[in-house]
Amino acid sequence: MLPQFEAYSEHPIAKGVVSSVKETFSAEDFKAIPGKGAQAKVNGKEVRVVSPGYLEENNITVDDERINKLVSQGKTVIFVMIDGEVKGAIALADIIRPESKEAIAKLKEMGVRCMMITGDNKQVAKWVAEEVGLDEYFAGVLPDKKVEKVKEVQSRGLLVAMTGDGVNDAPALAQADVGIAIGAGTDVAVETADIILVKSNPLDALAIVSLSRATYRKMQQNLGWATGYNAFAISAAAGALYSFGILLSPAVGAALMAVSTVIVAINARFLKMRQV
């Protein structure tokens, strides 16, 4: 009964479940349970696909060694209920992309503290965090609570850059000091974010940090050069070096100003050459 039931959901996991089966059944009165699952009528029976958190809230216990084994392996288990009774379970496993580990490792080398906000249970979150080398994680966070976690991190005095792609990520992206959306994500997330990644590649987030820091360094270099150079040139043009027999004419002063502009422009150009 599950496949057609899941077909009403827009969640990517639900779509994966639907694509993996051959036979489907019609569903009626479909309703989403925010942050916890969904329900509908299938063949006259009430079917719910829910998270472990839903079972916990409703004091429903499931004692099955097979499920405990799956959870210990870092898998997320969702439960299928028919007429109020748990009848089945589906284990979901996160596939960690190699570039994710590389991106996290390099960000940490740059002094960036890497964290994860997820709705998955603590066991799954811990497994993922250990696999990719995260500094911290927040597990079991409901969609509408993500923004609170961002505020919590900001309250520590840290600047927060958040990456997300879903509708539920939009408020947190807006709250973060820098919101980074995946181009393949939802329109709401894309519209809310400050930066949009064209490709769904974690290394692109690393490139953003590297580019922003390099740009800031160039700004400091150019500001320092322009300030020092002009302070000297203006003083010389005003006659500060006259006692040493040096006095700049207006024409020479104008030429020196032009040279200053050219040097700053060339230095800025080196940033683009380095990125290429």
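Here the structure is a predicted model, which is why all the values come from computation and not from measurement.

Rules used throughout
Residues numbered from 1 in each chain as written. Predicted model: local features only at pLDDT ≥ 70, side-chain atom pairs only at ≥ 80, totals over all residues. Heavy atoms only, no water. Core = buried A, V, L, I, M, F, W, Y, C linked by side-chain atoms within 4.5 Å. Buried < 20%, exposed > 50% of the residue type's maximum accessible area, 1.4 Å probe, protein only. Helix = DSSP H or I, 4+ residues; strand = E, 2+ residues; numbered from the N terminus. Contact = heavy atoms within 4.5 Å. Pairing = 2+ DSSP bridges. Axes fitted to C-alpha atoms, helices over the stretch in contact; angles between N-to-C directions. Lys, Arg positive; Asp, Glu negative; His and termini not counted. Salt bridge = Lys/Arg side-chain N within 4 Å of Asp/Glu carboxyl O. Polar contact = N/O pair within 3.5 Å; in protein donor to acceptor, adjacent residues only side chain to side chain.

On to the nonpolar core. Among the nonpolar cores identified, the biggest contains eleven residues, and these are Ile104, Leu107, Cys114, Met116, Val124, Ala125, Val128, Ala129, Val132, Leu134 and Leu206. Contributing elements (two or more residues each) for this core: α5 (98–109) and α6 (122–132). For this core, the element with the most residues is α6, which contributes five residues. Beyond its immediate stretch of four places on either side in the chain, leucine 134 contacts Ile104, Cys114, Met115, Met116 and Ala129. Within the second largest apolar cluster, ten residues are counted, among which are Phe138, Val150, Ala172 and Ala189.

Pairing is antiparallel in the open sheet, where five strands are placed in the order β1-β2-β3-β4-β5. Every other strand in the sheet has two partners, leaving β1 (27–33) and β5 (85–92) as the edge strands with one partner each. This sheet shows a mean twist of 15° between the axes of neighbouring strands, independent of strand direction. With respect to the sheet, helix α4 (residues 65–72) is in contact with β4 (76–82) and β5, its orientation differing from that of β4 by roughly 150°.

Let us now look at the side chain of lysine 218. When you line up the elements, lysine 218 lands in helix α10 (residues 202–237). One buried charged residue, lysine 218, remains without a salt bridge, the closest side chain of opposite sign being glutamate 109 at 21 Å. Leaving out residues up to four positions away in the same chain, lysine 218 has contacts with Asn267, Phe270 and Leu271.

Once that is clear, we can look at the side chain of glutamine 39. With respect to the helices and strands, the residue glutamine 39 is situated in strand β2 (residues 37–42). Among the residues examined, glutamine 39 registers a relative accessible area of 17% and is labelled buried. At 3.2 Å, the side chain of glutamine 39 and the side chain of arginine 48 are in polar contact.

A word on the sheet that holds strand β9 (residues 178–182). One open sheet holds the three strands; their spatial order is β8-β9-β10, and the pairing between them is parallel. Since the sheet does not close on itself, it has two edges, and those belong to β8 (161–164) and β10 (195–197), each with one partner. Recorded for the sheet is a direction-independent mean angle of 25° between the axes of neighbouring strands. Two elements, β8 and β9, share four bridges in a ladder whose sense is parallel. By the bridge assignment, threonine 163 is partnered in β9 with isoleucine 180.

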